[in-house]
Amino acid sequence: MRANYDTLAKTIAALTEGEEDEVALMATIVCELHHSDDRFDWTGFYRVTGPEMLKIGPYQGGHGCLQIPFSRGVCGAAARSGEVQLVADVEAFPGHIACASSTRSEVVLPVWNGAGNLIAVLDIDSDQPEAFQQEDADRLADLLAQVFSRI
Ligand code: SME
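Being a predicted model, the structure only gives us computed values, none of them experimental.

The rules behind the values
- Per chain, residues are indexed from 1 in the order of the written sequence.
- A pLDDT threshold of at least 70 governs which residues receive local features in this predicted model, and a stricter bar of 80 or more applies before side-chain atom pairs are shown or counted, although totals over entire chains, interfaces and linings include all residues.
- Each side-chain value is derived from all of the structure's non-hydrogen atoms; neither hydrogens nor water enter the calculation.
- Summary of the distance rule: residues count as near a molecule or strand when at least one heavy atom falls within 4 Å of that molecule or strand.
- As used in this structure description, the phrase polar contact means that two N or O atoms lie within 3.5 Å; if the pair is within protein, one of them must be able to donate a hydrogen and the other to accept it, and residues adjacent in sequence are counted only when both atoms belong to side chains.
- What sets the accessible areas is the Shrake-Rupley method with a 1.4 Å probe; for residues, cover comes only from the shown protein chains.
- What counts as a helix is a DSSP run of H or I of at least four residues, what counts as a strand is a run of E of at least two, and both are numbered from the N terminus.
- The term salt bridge refers to a pairing of a side-chain nitrogen on Lys or Arg with a carboxyl oxygen on Asp or Glu at a separation within 4 Å.
- Type-normalised accessible area, obtained with a 1.4 Å probe on protein chains alone, sets the label of each residue: buried when under 20%, exposed when over 50%, and partly exposed for intermediate values.

Some points on the site of the ligand
Okay, step 1: The environment of the ligand is formed by W42, Y46, C65, G73, V74, C75, H96, I97, C99, E106, D123 and D125.
Okay, step 2: Between I97 and the ligand, the recorded distance is 2.9 Å, taken from a backbone N or O atom to an oxygen atom.
Okay, step 3: The side chain of E106 places a nitrogen or oxygen atom 2.8 Å from a nitrogen atom of the ligand.
Okay, step 4: Protein burial of the ligand: of its 320 Å² of free accessible surface, 99% is covered by the chains.
Okay, step 5: Mapped by element, the contributors of at least two residues to the shell around the ligand are β1 (42-50), α3 (73-81) and β6 (118-126).
Okay, step 6: Here the shell around the ligand takes 3 residues from α3, the largest share from any one element.

In structure tokens:
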């Protein structure tokens with residue numbers, strides 16, 4: 001099963017209409033995403049909670065690290081650079097944090113609010129190698145902008 005990003009965008013828009021609470025929005029998005037695609041084995045947000053610090057937010061899958069400094073891992077790289085991290089092979093990414101040894105590839109996207117502040121990153125991990133393409137990154141970025149640009 002592959003995500004239908006058009007359907008996801010409509011469903012998420014309907015479910016989140018009028019909601020402005022970040023955690024409520026994140027929880028809803030994660031639930032919709034996680035169950036839409038067999039490649040998504042861990043789907044979750046890490047929230048920016050302090051200077052150079054990410055803390056676990058809503059997620060689905062096995063337990064994730066509670067905190068990730070901006071200096072560490074793929075999530076940290078996304079937060080630090082403000083750029084999407086598309087990692088085809090996690091073994092080849094220096095400093096990758098292996099919360100689940102089954103993870104082979106991942107995509108991490110920065111999340112900005114309407115004021116342009118970085119509020120979180122969205123981390124999707126897959127047990128399949130090279131699970132994600134640029135198309136996934138682009139469509140996921142659109143979804144995040146659709147929801148978080150209004151808060
Ligand atoms: N893939 C992440 C960490 C995995 S989790 O804690 C679920 C990273 O290296 O940033």
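Next, the rest of the story.
Quick look at the pattern of salt bridges
Okay, step 1: Evaluated as defined, the whole model comprises 4 salt bridges.
Okay, step 2: One salt bridge in this structure joins R39 and D136, with 3.0 Å as the shortest N-O distance. Of the two residues, R39 sits in the loop between α2 (22-34) and β1 while D136 sits in helix α4 (residues 134-148), which places them 97 residues apart along the sequence.
Okay, step 3: In this structure D136 comes out as buried when scored by relative accessible area, which is 5%.
Okay, step 4: Ionic pairing is found between E135 and R139, a salt bridge with its closest N-O pair at 4.0 Å. Within this pair, E135 and its partner R139 are both found in helix α4, separated by 4 residues, close to a single helical turn.
Okay, step 5: Here E135 falls in the partly exposed class, since its relative accessible area comes to 48%.

Considering unusual backbone geometry
Okay, step 1: Its identity as a non-glycine residue notwithstanding, E52 has a phi of 55°, on the positive side.
Okay, step 2: With respect to the helices and strands, the residue E52 is situated in the loop between β1 and β2 (53-60).
Okay, step 3: The phi dihedral of E130 is positive, around 45°, even though this residue is not glycine.
Okay, step 4: With respect to the secondary-structure elements, E130 resides in the loop between β6 and α4.
Okay, step 5: Relative accessible area serves as the criterion here: at 57%, E130 is assigned to the exposed category.

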